[in-house]
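Residues per chain, in single letters:
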Amino acid sequence: MSRYPPSPSHLTTLHALFARVCATTRQYAALLPSLSSPITEVDPSISDLHYNDNLIYHYAGGLALAALRRWSEAEEC
């Protein structure tokens, strides 16, 4: 997931898929490295992004952070 986008701040379809898998399997700590850099770039030309990908990524990220009791970060996500 770190090699595909041009920078760590780009959102790709892999982010949403990985976040969903981590939330489903309750492997919340595995999602922390991707949540460490904020998403500031959404470029549909580098991948087949949809609006739901953004929602799923941030929802699953907030869920993971809340499960790890990082309340303020979960609220931001």
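For the structure itself, consult the block above.
This one's a predicted model, so the numbers in the text were calculated from it and none came from an experiment. (Residues numbered from 1 in each chain as written. Predicted model: local features only at pLDDT ≥ 70, side-chain atom pairs only at ≥ 80, totals over all residues. Heavy atoms only, no water.)

1. Topic: a nonpolar patch on the surface
So, step 1. Where nonpolar side chains cluster on the molecular surface, the patch consists of Met-1, Tyr-4, Leu-14, Leu-17 and Phe-18 and spans about 430 Å² of accessible area.
So, step 2. Counting through the fold element by element, Met-1 comes out in the segment before strand 1 (10-11).
So, step 3. For Met-1, a relative accessible area of 35% corresponds to the partly exposed category. (Patch = residues over 30% accessible without salt bridge, like charges linked within 9 Å, V, L, I, M, F, W, Y side chains within 5 Å. Areas by Shrake-Rupley, 256 points an atom, 1.4 Å probe, with all protein chains shown as cover. Salt bridge = Lys/Arg side-chain N within 4 Å of Asp/Glu carboxyl O. Helix = DSSP H or I, 4+ residues; strand = E, 2+ residues; numbered from the N terminus. Buried < 20%, exposed > 50% of the residue type's maximum accessible area, 1.4 Å probe, protein only.)

2. Considering the nonpolar core
Buried together is how nonpolar side chains tend to be arranged in soluble globular proteins.
So, step 1. Among the nonpolar cores identified, the biggest contains 15 residues, and Leu-11, Ala-19, Leu-31, Leu-35, Tyr-57 and Leu-65 are the most heavily contacted of them.
So, step 2. Counting only elements with at least two residues in this core, the list comes to helix 1 (13-25), helix 2 (32-35) and helix 3 (51-67).
So, step 3. For this core, the leading source of residues is helix 3, giving four residues.
So, step 4. Those residues in contact with Ala-19 that lie beyond four places of it in its chain are Leu-31, Tyr-57 and Ala-60. (Core = buried A, V, L, I, M, F, W, Y, C linked by side-chain atoms within 4.5 Å. Contact = heavy atoms within 4.5 Å.)

3. Considerations on the environment of Tyr-59
So, step 1. The topology assignment puts Tyr-59 in helix 3.
So, step 2. The exposure class of Tyr-59 is exposed, given its relative accessible area of 63%.
So, step 3. The spatial distance from the C-alpha of Tyr-59 to the C-alpha of Ala-74 is 9.1 Å, given a sequence separation of 15 residues.

4. Topic: the pattern of salt bridges
So, step 1. Under the criterion given, the structure shown has one salt bridge.
So, step 2. The residue Glu-73 makes a salt bridge to Arg-70 at a minimum N-O spacing of 3.8 Å.

5. Here's the deal with unusual backbone geometry
So, step 1. Even without being a glycine, Arg-26 presents a positive backbone phi close to 60 degrees.
So, step 2. You can see Arg-26 is positioned in the loop between helix 1 and helix 2.
So, step 3. The exposure class of Arg-26 is exposed, given its relative accessible area of 64%.
So, step 4. Even without a glycine there, the phi angle at Arg-69 is positive, about 60 degrees.

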